[in-house]
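# Residue-level structural notes
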Amino acid sequence: MHNKLAFLKTVRPFDILPDDVLEGVVELLQEVRHTKEAVIYHQEVTKMPGVDIIVEGEYEAFFYDSTQTRRVIEYHRPGYCFGGVSVLLNRKRSLRTVIAKKGTLVYFLPRKDFKALCQAYEEFLHYFTAEFGKRMIDDEYAHFVKRPITYDENFIASDQLYTKKVETIEYREVVSCAQQTPIFEVAQLMAEHKTSCLFVKDEQQDIIGYVTDITLRDNVVARQVPVQKPVKEIMDNPTVSINTQAYVYEAILMMFQTKTRYMLIEENGNYLGSISRNKLLSEQAQSPFMFIQSVKLARSVGELRKKWYKVPEIVFQLLDRGVKAEIVNQMITTISDTIAVKVIEEVINEIGQPPAKFVFMVLGSEGRKEQTLKTDQDNAIIYEDKANEQRELVREYFLRFADMVSERLNSIGFSFCTGGFMAKNPKWTHSLSHWKRNYESWISEAVPETVIKFSTFFDCRYLYGEPAIIEELKDFLDEELQKPLGKLFFHMGNNALQYEPPLTFFKNIKTFTKDSKEVFDIKKAMTPIVDLVRVYALKNRIFKTNTGERLQELKGKGVFTEAEVQELLQSYYFLMSLRLKKQAGQIINDKKEPDNYVDLRSLTKIEQVTLREIFKTISNFQSYIKVEFKNSLFA
């Protein structure tokens, strides 16, 4: 008979557990023998009672397709732990069918005990979530995991996700130490509290950083830092927190966007606890957030291209389930950002670290976090000013860097900007002082051409690099916007009046013929709302980039009432929902490039009535802005 303890120490991820815990696990294990060709689990039918650790013999695991053909066949041998992914990420149902081969012996661990280990040890849990993320890179595997027969069922869980608040999730108590605590004591505290994350406080008891198992590996062991040094010298920061009243989906998106694995939960200025990204993801089964995790694990441009091509399917399913267009926009933006950051990091690894601090920023709809499926590159680079003898060297590096990033993004599916607003264009890769001069000249000239550039670059958002650079640029803009700028605001206001809502004299929707269909351009229908909100954000020196966020800030300043904000938000996101669903349908069903033309015959009577009301709303707000032109706002 096998020595269970010795054997368990050779099995991933049990080998990471402390010896005393392993001894307890051994007591829970049950020996089970399976006869040759016995069907142990049926895919999507068998409710997993726990996990199996194979000791002798072999498991054959596979998916059945619609013709009962075995697909994605795998063989699992001694030392493999089977069932963890199914228990954690597939509603406890077996993902695949499993057949035992001759002479198979397994150690069985009951589900409740397995889940207790996952709850107590973050790294143990992470092993299974990471394994699933890696598997989802395989297109065939991912296809069967997300096949239509269970797709809707999975997104019922997603529906709850978008209405569930942070206050409903289970979090861990904050474990902390002083910033002068020696590193070895920090490790002892983490072991004592069985936590993978410990927060660091300053003399005022404010949290200023954190330490994880990965921090100790990368910042201490790998660099051979003496463990007697204070923790403040090796801690990670900044910390990320979220209010209990925020939604769970917002917490997950924030974690992806900030690249943090741990988040503090705050209420009334106090930290109640913390939650890990793995814990949140493990509860989401096959939600889009697991897809984002798989994007982060992609290893090549080819893999990233395949991921981007899957996005329309996710968008269509979310909208079909009634998820708000605002949330879907955020989802597309997060996936797009994740891909772009992967490309940037890959290029830096190839050509070496940059010779100066810089920021890679995104513009336009991506800058506003309002990307659709018909998207191109809108980006730019700002790098710090250097001495004369270094300027050419620095510029040469960033122009090469920008060219490589843009080329790879184009090959993934983010086409080159037809207007040339991208870092690949030497005009939009420059030093901070040059960028300040750009904005200064656009503001002072204030003619329609320069105002368009200013509008595009006002919708700029940090993506990668040194955040302080873009903050300095915003501080400069904040000062400029306090000067008398009637001419600039006049032209920007005029932009919001250029598009006339497509309504006839009898308040019917005006269309034009394209490819023998009566259509209207939905992108142009949305543009006045973006332009209107942007000009008021500028006038009030609001540096949020998202249209919805700008509206909320404007409401806070008394520029718009609650009713006006709701009118504009509902109008904007109704149009966005129509636009996204139409584009996703073109890609999925028609296998063609998406566009922005909507055929009236494709809309229901209710949608057509709603559109007419929205166009009236836009027209009313345009009348409102005309009055403002004639009064003090644009005088």
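Being a predicted model, the structure only gives us computed values, none of them experimental. (Residues numbered from 1 in each chain as written. Predicted model: local features only at pLDDT ≥ 70, side-chain atom pairs only at ≥ 80, totals over all residues. Heavy atoms only, no water.)

### Examining helix α5 (residues 122-135)
The terminal C-alpha atoms of α5 lie 20 Å apart, and with 14 residues this matches the ideal 20 Å at 1.5 Å per residue to within 8%. When you tally the buried positions in α5, you get ten out of 14 residues, the bulk of the element. Every buried residue of α5 is accounted for by Glu122, Phe124, Leu125, Phe128, Thr129, Ala130, Glu131, Phe132, Gly133 and Arg135. (Helix = DSSP H or I, 4+ residues; strand = E, 2+ residues; numbered from the N terminus. Expected span 1.5 Å × (residues − 1). Buried < 20%, exposed > 50% of the residue type's maximum accessible area, 1.4 Å probe, protein only.)

### A short note on the state of the cysteines
Under the defined criterion, the tally for this structure stands at zero disulfides. With no disulfide of its own, Cys177 lies closest to Cys197 among cysteine sulfurs, the gap being 11 Å. With no disulfide of its own, Cys417 lies 15 Å from the sulfur of Cys460, the closest cysteine sulfur. (Disulfide = S-S within 2.5 Å.)

### Considering the environment of Asn379
Positionally, Asn379 belongs in strand β16 (residues 379-383). On the basis of relative accessible area, Asn379 is assigned to the buried category, the value being 3%. Between the C-alpha atoms of Asn379 and Phe358, which are 21 residues apart in sequence, the distance is 13 Å. Aside from chain neighbours lying at most four places away, what touches Asn379 is Phe360, Met361, Val362, Leu363, Ser406, Leu409, Phe421, Met422, Ala423 and Trp428. From its side chain, Asn379 meets the backbone nitrogen of Ala423 in a polar contact 2.7 Å long. (Contact = heavy atoms within 4.5 Å. Polar contact = N/O pair within 3.5 Å; in protein donor to acceptor, adjacent residues only side chain to side chain.)

### Thoughts on the pairing of strand β20 (residues 517-521)
Here three bridges tie strand β19 (residues 512-514) to β20, and the two strands are oriented antiparallel to one another. Paired with Phe512 across the bridge in β20 is Val519. The turn joining β19 and β20, which pair antiparallel and follow one another in sequence, is formed by two residues; a positive phi near 55° is taken by Asp515. By the bridge criterion, three bridges tie β20 to strand β21 (residues 597-599) in an arrangement that is antiparallel. (Pairing = 2+ DSSP bridges.)

### Brief notes about empty space enclosed by the protein
One pass over the structure, following the stated rule, counts four cavities of 30 Å³ or more. Estimated volume of the largest cavity: approximately 140 Å³. Together, 13 residues line the largest cavity, and Tyr80, Phe82, Val85, Arg96 and Glu131 are the ones closest to its centre. Of all the secondary structure elements, the ones that give two or more residues to the lining of the largest cavity are β6 (81-82), α3 (84-89) and α5. Per-class residue counts for the lining of the largest cavity are seven nonpolar, three polar and three charged. (1 Å grid on protein atoms, 1.4 Å probe; cavity = no way out; pocket = protein on both sides within 12 Å on 5 of 7 lines; lining within 4 Å. Points joined across faces, edges and corners; volume = space filled by probe spheres on them. Nonpolar A, V, L, I, M, F, W, Y, C, P; charged D, E, K, R; others polar.)

### Looking at the side chain of Gln583
Relative to the elements of secondary structure, Gln583 occurs in helix α23 (residues 562-589). Exposure remark for Gln583: the relative accessible area of 0% places this residue in the buried category. Apart from residues lying up to four places away in sequence, Gln583 is in contact with Thr372, Leu373, Lys374, Pro594, Asp595 and Asn596.

### A closer look at unusual backbone geometry
As a rule of thumb, non-glycine residues mostly have phi less than zero, and peptide bonds are mostly trans rather than cis. Note the cis peptide between Arg12 and Pro13, where omega equals 5°. For Pro13, the position within the fold is in the loop between α1 (4-8) and α2 (19-28). The residue after Asn237, namely Pro238, is reached through a cis peptide bond having omega 0°. Considering the arrangement of structural elements, one finds Pro238 in the loop between α9 (213-221) and β12 (241-243). Phi is positive for Asn268, close to 55°, though the residue is something other than glycine. Position of Asn268 relative to the elements: it lies in the loop between β13 (262-267) and β14 (270-276). One non-glycine residue, Lys369, lies in positive phi territory at about 60°. Looking at the secondary structure, you find Lys369 in the loop between α15 (364-367) and β16. Accessibility expressed as a relative area gives 23% for Lys369, which makes it partly exposed.

### Concerning the side chain of Arg579
Secondary-structure assignment places Arg579 in helix α23. In this structure, Arg579 is buried with no salt-bridge partner, the nearest side chain bearing the opposite charge being Asp521 at 6.8 Å. Setting aside residues up to four positions removed in sequence, Arg579 forms contacts with Thr372, Ile522, Lys523, Met526 and Asn596. (Lys, Arg positive; Asp, Glu negative; His and termini not counted. Salt bridge = Lys/Arg side-chain N within 4 Å of Asp/Glu carboxyl O.)

### Side note on the sheet that holds strand β9 (residues 176-178)
Strand order in the open sheet formed by three strands is β9-β10-β11, with mixed pairing between adjacent strands. Every interior strand has two partners, whereas the edge strands, β9 and β11 (207-212), have only one. Direction aside, the axes of adjacent strands within the sheet are offset by 30° on average. Strand direction decides the pairing type here: β9 and strand β10 (residues 197-201), joined by three bridges, are parallel. Across the sheet, residue Ala178 finds its bridge partner in β10, namely Lys201. Along the sheet, helix α8 (residues 183-192) makes contact with β9, β10 and β11, crossing β10 at roughly 130°. (Axes fitted to C-alpha atoms, helices over the stretch in contact; angles between N-to-C directions.)

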